[in-house]
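Structural features, examined
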Amino acid sequence: MGWTMTLKDDFGVIAWAHGSGSYVRFFVLLSFLFIQVQSDIVFHMDHQFTWKTGQWGHCVGEDCGSGGVQTRTVWCAHTEGWTTHHSHCNHIDKPESRRHCFKVCDWHQDLFEWELSAWEGCVLVPFFSNELKLMTTECITAQHGIQRRKVQCVRTSNRTTVTSRICDFFSQRPPVEQACLVPCPQDCVVSDFTSWSGCSKTCGTGLQHRTRHVLTTPMYGGASCPNLTETRTCSGPVGCKAGEDEYQYSLKVGAWSECRLPHHKDSILNGRTTVDFSSNKQNNTIVLHRHASYYHQHHHDRHHDRKYPMSWELEVGYQTRQVRCTRSDGKSTMLSLCTKFNSPVTYQACVMPRDCHTSDWLSWSPCSKTCRSTDLSPGYRLRSRVVTQIPLSGGKQCPVLEEKEACNIIGDLLPNCPRYEWRTTDWDECLVSPLLSKLDRRLANISSLCGGGVQTRKTYCVQVPDDSTPHHRKEVARPVTPRLCVGQEAPLAVQNCSIPCQHRCLLSHWSPWGACVHDNCKDPQGKKGFIQRRREALWASCIPLDCCPHLVESIPCEDPACYLWQVQQGKCMPNKSTCGPGTVVQSVKCVSAEGEDVPMTYCAEGLPPSQAPCEVPCPADCVVSAWSSWSPCSHSCASKTAEGRQSRTRTVLALPGKEGKECPGAPALEEWRVCNDHPCLVFYWEASTWGPCINNTLDLNGTNFWNSIATCAMGVQIRKVTCMKMNGGSVVSKRCPDSARPETVRPCVLPCMKDCIVTPFSEWTPCPSTCMPENTTCATQSRYRTIIQTSANGGQECPDTLYEERECESLPACPIYRWRIHKWHACTLVPDFVQRSLSRPAETCGNGLETRGLSCVGENDEAANLTECLHWAGPFPAQSRACRVACRDDCTLTPWSKFSECTGCGSFQSRKRSLTGRSKKKEQCLNEASYPLEDKQACPCEEYLSQPFGNWSDCVLRKPSTLGFLHSWMSHQEVKECGQGLRYRAVACIDQQGHLVEPTLCTDTGYMVEVCHIPCPLDCKLSDWSVWSACSSSCGGGLKVRSKWLREKAFNGGRPCPKLDLKNQVNEAVPCHSECRKYKWRIEPWSICTINTVGDSPSCGEGVQSRKIRCVKKGPSVEVSTVEDSQCDQEETPPRAQVCFLACHNNCVMSSWEPWSNCPLQCDRGSERNRSRHILRLPAVGSAACSELMQSESCTLNTTCFTYHYKVSEWSTCRLSENAICGQGARNRLLDCVRSDGKIVDLQKCEQSGLVKDWRLVENCVVDCPVSCVLSDWSPWEQCSHTGGSQGQSVRTRRILQEAHEEGRPCPNQLVQTKPCPISPCYMWLLSDWSSCTIEGAECGEGVRRRNLSCIIHKGDWTESPPAPVAEKFCGDKIRKEIQKDVEQPCFVPCQGDCHLAEWSSWSSCQLTCVEGRSFESTGRQSRSRAVIIQVSENQDTCPQQVFETQPCKGGQCYSYQWRTGRWSNNERAVWCQRSDGVIVTGGCFPQKRPSMIRHCHPPCTKPFSHCTSSGVCGCEKGYTEVMTTHGFLDYCTRTPGVDANKKADVKTNSGRLKPSQARDWPTEWTLRPVGSDGRVKLWVYAVTAVGFILILFIIAFSFLVCKPAKATKTSPPPQKPLTLAYDGDIDM
């Protein structure tokens, strides 16, 4: 089902081949889209009216494909252009206005796209006449420009170009032009001139010059650089002597010619070279460039059958140079004027140049960008080639051996790059022991610890697929190196956790025992019931309350009753008269055992009668009070020896009369009854802890115990519930009420079976990709995997193998190649015919060259390509050397003898030679500096000296070996940084010459190692807990405290102390309660009222009665112990005796007062409380009436009325379980009820007052865990920072996984450890500075400057160990290094009179192109230049052009330029351009803004004592005042008044001003100047004149009014002189 697309030309015939049929429909589309359609197509009807059509519109349709429709407008128009009715045109020729078309589908858009090139450079906008003009006079910051780019439509499949109309249909064409800014033209900026040079001649007329250098080259059409040289004539200090030569002569040599072979005889012209110094200006300059000519290779035909050469042979040629004598005026003259003795050498042997040859390009490497990422930069790929022939003797240098090009520029076609992220394993088991200090860990029972702890997990880096989503996060992915996840925040590896402790429960007090009720009042059965009491759980650490002890206690009882009748009696009403028998109405209601009203039907027994008999005493009857309340029961339960009893009493209020009813006897005044007759047997339910979750094999009657969705199977938990006897064992279940029985079965979730989950193995670590050198061990590679989830509950176990290691596949051994060096050929001299043509020697001798061939052989001496030896065989051997064929006059010597034997380290060995023949008598041969006869060299020595170097490393603790790569980044542990370790110090191994050698010659490792100790941290130590203090409150709730105090502070990174108070203590507080009234008054009933009667007086009236009181200790039991009365509150001591009253037989008898009514809760002022009593016996007729039945008194605060409020104690400290260190705990406080007078009373008082008890007395709290710092393992030691020398260091690091918290051990400061690397010698090639220009045998001309390449040894720090030269073999291939580095350059030494270029100036400072002080670019430029030096004026025509060059630089800055001026002197001043850094320059400043250097006044200042001022107007000199004309010009200068008292002058004008002076003169500083610098009168002068005129008029008018006589006179006043401003010169005016 594939389809292909073919595009033809711009008009595009496009067709798809889809399956077997052709997709011809798209042809119609492109026919309509891409044919050039004229907007006005004319169809003639006649010569006046024609049809015209518009362009076809877009193809529209419901679906894409061939069902689209295109329309266009068709109209009839007159030839003059106006539209007319269509009937005027021929309808037969009317073009169609509608046609079918192919509507482009949306997926067609994916086939094409716009391809954009980069923006080109910004060019100026063309102005008039389409020419580029520079707006030099109008440019302020930048000029408007345009930059363009190419936009073309391409296929997305193969990036080929198609017509742009295709992409036009899908999207708008991107712009191809955009506006830009071109900086203003930047003129060339040069420095200020140097000082003048010395005169070129010591006598007579010469030249001297001064130069300047280029600072900034012209850019953007700026002005060119001016001349960098100025020349002027000069004269010597003395005149030239008569007869002294006018000229000086210099021997000048030319450059060596190209090396040529001897058979090129036709190039020799009479023994002269063809170089012409007189006409070639370039001979006086140095042209630095590479030769572009390609020299012919003369040995290629020898190995035509091989791709690369098998051996190299050199060819020796010759080269010549020209020598001439020049005069100081630059003219050439006879050579004899310069050479008096030996002439310079004009020929020499040379090695024929060889160009660099390379192999063909190897194939391209894979593209570095293989996937699509957020980085939009393209990838790159490389290809390389190898050198098959190194360049020699100035041959063509090697081209680029490596090529790099961009690839995969459009990354949309690439797959998405893999993403890497951190993954984690499951959390390990929660442990509390890591939170303990070492001492606590030894003392604690680790297995019983609970509460807060820590748990850890491992982190690892994985590659995630592109379509990963959050629900795939647990997908098992292959681990990769953690370096790929660097930059992402690693997940937490340590977290807090909690181990459940034994639950705690805070309980309330027991309630009082209730009534005997049935177990189930809704379904009462039998005559057995229970008496119960309850308590509540105020706070519990478990939900539900399974952790609390039993909350209900029961006592079996007989005859239970859940509901009882409650009877209330009214007032007794006599039946017949006011006294005697009667009836009382009883109100009856049914109440529950808890006292709540229930329906009457609940009470099973018969309904009590609504009326009961009663009797109202008559006046003579005895009156007895009502029964008192029953006293407390004497026993809480009944035993075999004791039973509970309680009593109640009544008293005689009035004795009977003679006829009255007698009083009951004493026994009838007291009643007893049995109470608490239930046996002393208390029972409760006890439940064991819940068992494990097991499969549900019980019949739960289909009850759905679990409504939520469970991931694992459901099960049940079972516990045993037993009825227990208080202080006894278990009993039968029927002794405990079933209603209070706890549940024995509950649903649970069975533990899930978890299989072990392990990541796949990581990729094998890479093996070496290169060949293996000899005598090396076999490399290994490893891989690992990580356990993500451990197995549990019968799941699949984890594998045993988590780490695997294997040997790498056998790598090929590195090939062994070596150079085969051939014998030296005979010494080759310059050919005789060349020597004879140049110097005509008498014999064939002198200096020459000898060469030798090179070939490459393999391990078995088989021939190999030379490219193999270039790669594997080490330094390239020299193929040529200088030699000499002795001449007759040369010194002859014997060969060197063998070196003498060495006598030991530090000794020398020598060899000798001697002169032979006539050389023994020649003077030049006896010069031992030129012909040494003895040679010494140091003997080799195998003794070395080791010297410790640098500081000791950090102390490195010994650690048991682990799988480093596996554990270095994943494992972690609590910090343990103490004990015995090792520290290292580098050792420098020195030979006898003081040179550094390999450290293994002195030690095995290159280190000095010694044992070191890191002191262990000491934790903070506190004392044991002190005893509890007394309760802070003597009455009510308070706190009691115990403390620990500081014994030892933390040291050396130990666990810090907890927060201590000012006394260095840590405290723990718990609530406590002090009984306010531990003792109370126990009151017995009042005795009988005793009346003291005299004689036969009736025994009635006032009397006395008493009672016993005693102080007893409060307690739950009824039996109390009596203590001393002082233990009870004396203020509340009840009275022991009181006055009583026995009514006489005729008196009214009243009941006792009922309790006072309650005052308002707030004890409002003005409120009252009442109490009442009722009549028990009416008085007899004639007796006194009954007294008041109601009493009232005001409510007085703290006397008769009290208010109440709650008071809470302070919170206790957070209390944990006994075996917990931290985590979840609880704190509590106590609640008291306080009376308004400050006394603490029972809580019931506050409850009765209606106060809301919303205080929270218990709350959860958290004690932060003392988490110690957790670090990762140390990473492996990194590679040395330097491969050699003494500066190398190896580093290892670790990271903090968990910061310390609270009293945990803090993190150490040392997260990085360093140790020195072994000190190995550093060898390097050192390139010396360029030598001065050297010319052999001449004074000036073409020469050579050289720099030496020497092998040196150093320790890496040149300041401490200066380099020392060593043998070249340690640095490598010198020949190839010299080819890479230029070690020889041509140079030129000018002769006297030569016009030449100066040396290059130093590089200028780096400058950026800036607009308004902001950088216009990121890379700056710096320049240098060479000025032209003219020595004689006659030789100026041969001068070269000045040159300059520019190079890019970094770290540039913006400069601004500004005109600066000096002070005026004689109407002249200096004007210069200055750069913002203070450098004086030429160029850079705008010429239009240049200040004037000379002042000019118009008209000229010709008046006496006048001069031209800086403002361009004429002024007067110091001491004279300007007198101006009405036009503002200077009329004349007059002497300033006061300057000379003896001279006077008339002032005829009303304006004048002082001449400004540069010197300070205080009178002129404070003189008002009415005339401005422009010569015009200032405005304030007119204002002062007007004000003065008005003031004078006011004075005149005022004087007239004051001095006016009573009567006006007819005489006119005498005429007054007119007021004038003229000054007559008097001083007193």
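Computed from a predicted model, the values in this text were never measured in an experiment. Position labels on residues start from 1 in each chain and follow its written sequence. pLDDT decides what is reported in this predicted model: residues at 70 or higher carry local features, side-chain atom pairs at 80 or more are listed and counted, and totals for whole chains, interfaces and linings draw on all residues regardless. Side-chain figures throughout are based on the complete set of non-hydrogen atoms in the structure, without hydrogens or water.

Scanning the chain from terminus to terminus reveals 10 helices and 110 strands. Counting across all 1629 residues of the chain, residues that qualify as buried make up 34%. In this description, contact between two residues means that some pair of their heavy atoms is separated by no more than 4.5 Å. The contacts of the chain with a sequence gap of at least 6 include a subset with a gap of at least 24, amounting to 69%. Areas reported here follow the Shrake-Rupley algorithm with a probe of radius 1.4 Å; residue values treat only the protein chains shown as occluding. Roughly 102,000 Å² of accessible area belongs to the chain as shown, and the carbon and sulfur atoms make up 52% of that amount. In DSSP terms, a helix is any run of H or I states spanning at least four residues, a strand is any run of E spanning at least two, and both are numbered starting from the N terminus. The buried label applies to any residue whose accessible area, calculated with a 1.4 Å probe on protein chains only, is under 20% of its type's maximum; exposed applies above 50%, and partly exposed to all values in between.

Attention now goes to the sheet that holds strand β14 (residues 161–162). If DSSP finds at least two bridges between two strands, the strands pair. Reading across from one edge, β10-β13-β14 is the order of the 3 strands in this open sheet, with antiparallel pairing throughout. For this open sheet the edge positions go to β10 (112–116) and β14, each flanked by a neighbour on one side alone. Pairing analysis gives 5 bridges linking β10 to strand β13 (residues 151–155), with the strands arranged antiparallel. Counterpart to Glu113 in the pairing with β13 is Val154.

The subject of this paragraph is the pairing of strand β94 (residues 1349–1354). Within a regular beta strand, the side chains point alternately toward one face of the sheet and then the other, so they alternate between its two faces. Taken across its 6 residues, β94 has 5 buried, putting it largely inside the fold. Alignment of strand β92 (residues 1322–1327) against β94, held across 6 bridges, turns out to be antiparallel. Bridged to Leu1326 within β94 is Ser1350. Where β94 lies against strand β95 (residues 1364–1365), 2 bridges are found, and the strand directions are antiparallel. Bridge pairing in β95 links Ile1353 to Ala1364.

So, about the state of the cysteines. By definition, disulfides here are pairs of cysteine sulfur atoms that lie within 2.5 Å. Under the counting rule described, the total for this entry stands at 56 disulfides. Sulfur-sulfur distance for the disulfide between Cys1089 and Cys1140 comes to 1.6 Å. Sign of the S-S torsion, about 90° for the bond between Cys1089 and Cys1140, identifies this disulfide as right-handed. Of the two residues, Cys1089 is situated in the loop between β74 (1079–1083) and β75 (1101–1106) and Cys1140 in strand β78 (residues 1137–1142); the sequence distance between them amounts to 51 residues. Residue classification places Cys1089 among the buried positions, given a relative accessible area of 11%. There is a disulfide in this structure between Cys1148 and Cys1186, and the S-S distance comes to 1.7 Å. Disulfide Cys1148-Cys1186: torsion about the S-S bond near 95°, hence right-handed. Placement of the pair is Cys1148 in the loop between β78 and β79 (1149–1150) and Cys1186 in the loop between β81 (1175–1177) and β82 (1190–1194), with a sequence separation of 38 residues.

Attention now moves to the sheet that holds strand β23 (residues 323–327). Spatial strand order, β24-β23-β20-β93-β96: 5 strands in an open sheet with mixed pairing. With one partner strand each, in any of the chains shown, β24 (332–333) and β96 (1384–1389) form the two edges of the open sheet. Of the strand pairs in this sheet, β23 and β24 are connected by 2 bridges, and their pairing is antiparallel. The residue bridging Cys325 from the neighbouring strand is Thr333, located in β24.

The next subject is a nonpolar patch on the surface. On the surface, a cluster of nonpolar side chains totalling about 510 Å² of accessible area is made up of Phe1589, Ile1590, Ile1592, Leu1593 and Ile1596. Mapped onto the secondary structure, Ile1590 falls in helix α10 (residues 1579–1603). For patches, a residue must show more than 30% relative accessible area and have no salt bridge; joins then use 9 Å for like charges and 5 Å for nonpolar side chains, namely Val, Leu, Ile, Met, Phe, Trp and Tyr. In what follows, salt bridge is the name for a side-chain nitrogen of Lys or Arg lying within 4 Å of a carboxyl oxygen of Asp or Glu.

Let us now look at the packing of aromatic side chains. Ring geometry is summarised as follows: Phe, Tyr and Trp rings, the Trp one being its six-membered ring, pair when their centres sit within 6.5 Å, and such pairs are stacked at plane angles under 30 degrees, edge-to-face over 60 and tilted between the two. Under the defined criterion, the tally for this structure stands at 9 aromatic pairs. Residues Phe1505 and Tyr1520 carry aromatic rings whose centres are separated by 4.1 Å and whose planes lie at 15° to one another, so their mutual orientation is stacked. Placement of Phe1505 in the loop between β105 (1480–1482) and β106 (1506–1508) and of Tyr1520 in strand β108 (residues 1520–1524) is noted, with a sequence separation of 15 residues between them. Between Phe1594 and Phe1598, the ring centres sit 6.3 Å apart and the planes meet at 20°, which makes this aromatic pair stacked. Linking Phe1594 with Phe1598, this pair stays in helix α10, spanning 4 residues, or about one helical turn. Through pairs of rings, three or more aromatic residues link up here, namely Trp312, Trp819 and Phe876. When the NZ atom of lysine or the CZ atom of arginine is within 6 Å of a ring's centre and also within 35 degrees of its normal, the charge is said to sit over that ring. Directly above the ring of Trp1277 sits Lys1315, whose terminal nitrogen or CZ lies 4.7 Å from the centroid. Between the NZ or CZ atom of Arg1475 and the centre of the ring of Tyr1455, over which it lies, the distance is 4.0 Å.

Let's shift gears to unusual backbone geometry. You will see that Asn1052, though not glycine, has its phi angle at about 60°, which is positive. If you check the backbone angles, Asn1064 has positive phi at about 60° while not being a glycine. Turning to its location among the elements, Asn1064 is positioned in the loop between β72 (1036–1048) and β73 (1065–1074).

Attention now goes to the pattern of salt bridges. In the structure shown here, the tally under the stated rule is 34 salt bridges. We note a salt bridge from Glu177 to Arg148, for which the minimum N-O separation is 2.8 Å. Pair noted here: Glu177 is in strand β15 (residues 177–183) and Arg148 is in strand β12 (residues 142–148), with a separation of 29 residues, a long-range link. With a relative accessible area of 40%, Glu177 lands in the partly exposed category. Taking the relative accessible area as the measure of exposure, Arg148 reaches 36% and is therefore partly exposed. Put simply, Glu403 and Arg383 hold a salt bridge, and the shortest N to O gap is 2.6 Å.

Counting 24 residues, the largest nonpolar core has Trp312, Ile390, Trp819, Val830, Leu870 and Phe876 as its most contacted members. Elements represented by at least two residues in this core include exactly β22 (316–320), β25 (347–351), β60 (854–857) and α5 (866–872). When near neighbours in sequence (up to four residues on either side) are disregarded, Leu870 contacts Trp312, Val387, Ile390, Trp819, Phe876 and Arg1376. Grouped together as the second largest cluster of nonpolar side chains are 11 residues, Ala986, Ile990, Ile1353 and Cys1371 included. In these notes, a set of buried Ala, Val, Leu, Ile, Met, Phe, Trp, Tyr and Cys residues joined through side-chain atoms within 4.5 Å is what counts as a nonpolar core.

This part covers the side chain of Thr229. Considering the arrangement of structural elements, one finds Thr229 in strand β19 (residues 229–235). There is a polar contact of 2.7 Å between the side chain of Thr229 and the backbone oxygen of Val1428. In contact with Thr229, other than residues within four places in its own chain, are Phe193, His209, Arg210, Thr211, Ala1427 and Val1428. N or O atoms closer than or at 3.5 Å make up a polar contact, with two conditions inside protein: a donor-capable atom paired with an acceptor-capable one, and, for residues adjacent in sequence, both atoms drawn from side chains.

Mapped onto the elements, Pro366 comes out in the loop between β26 (357–358) and β27 (379–384). Taking the relative accessible area as the measure of exposure, Pro366 reaches 72% and is therefore exposed. Expressed as a C-alpha distance, the spacing of Pro366 and Leu382, which sit 16 residues apart in the sequence, is 7.8 Å. Ignoring any residue separated from it by four or fewer positions in sequence, one finds Pro366 in contact with Tyr380 and Arg381.

Before going further, it helps to examine the confidence of the model for the chain. Known as pLDDT, the predictor's confidence for each residue is given on a scale from 0 to 100. With 84% of its residues at a pLDDT of 70 or more, the chain shows a mean pLDDT of 79. For residues 264–306, every residue scores under 50 in pLDDT, and the model assigns this stretch 63 contacts once sequence neighbours within four places are set aside.

The next point concerns the environment of Cys407. Tracing the backbone shows Cys407 in strand β29 (residues 402–407). Put simply, Cys407 and Lys369 are 38 residues apart on the chain and 7.5 Å apart in space, counted from C-alpha to C-alpha.

Here we come to the environment of Cys367. Relative to the elements of secondary structure, Cys367 occurs in the loop between β26 and β27. Separated by 15 residues in the primary sequence, Cys367 and Leu382 have C-alpha atoms spaced 8.0 Å apart. Not counting residues up to four positions away in its chain, the partners in contact with Cys367 are Gly379, Tyr380, Arg381, Cys407 and Asn408.

Along the chain, the position of Thr84 falls in strand β8 (residues 83–84). Assessed through its relative accessible area of 18%, Thr84 is described here as buried. A polar atom in the side chain of Thr84 sits 3.0 Å from the side chain of His88. For Thr84, the contacting residues outside a window of four places in its chain are Phe49, Cys76, Ala77 and His78.

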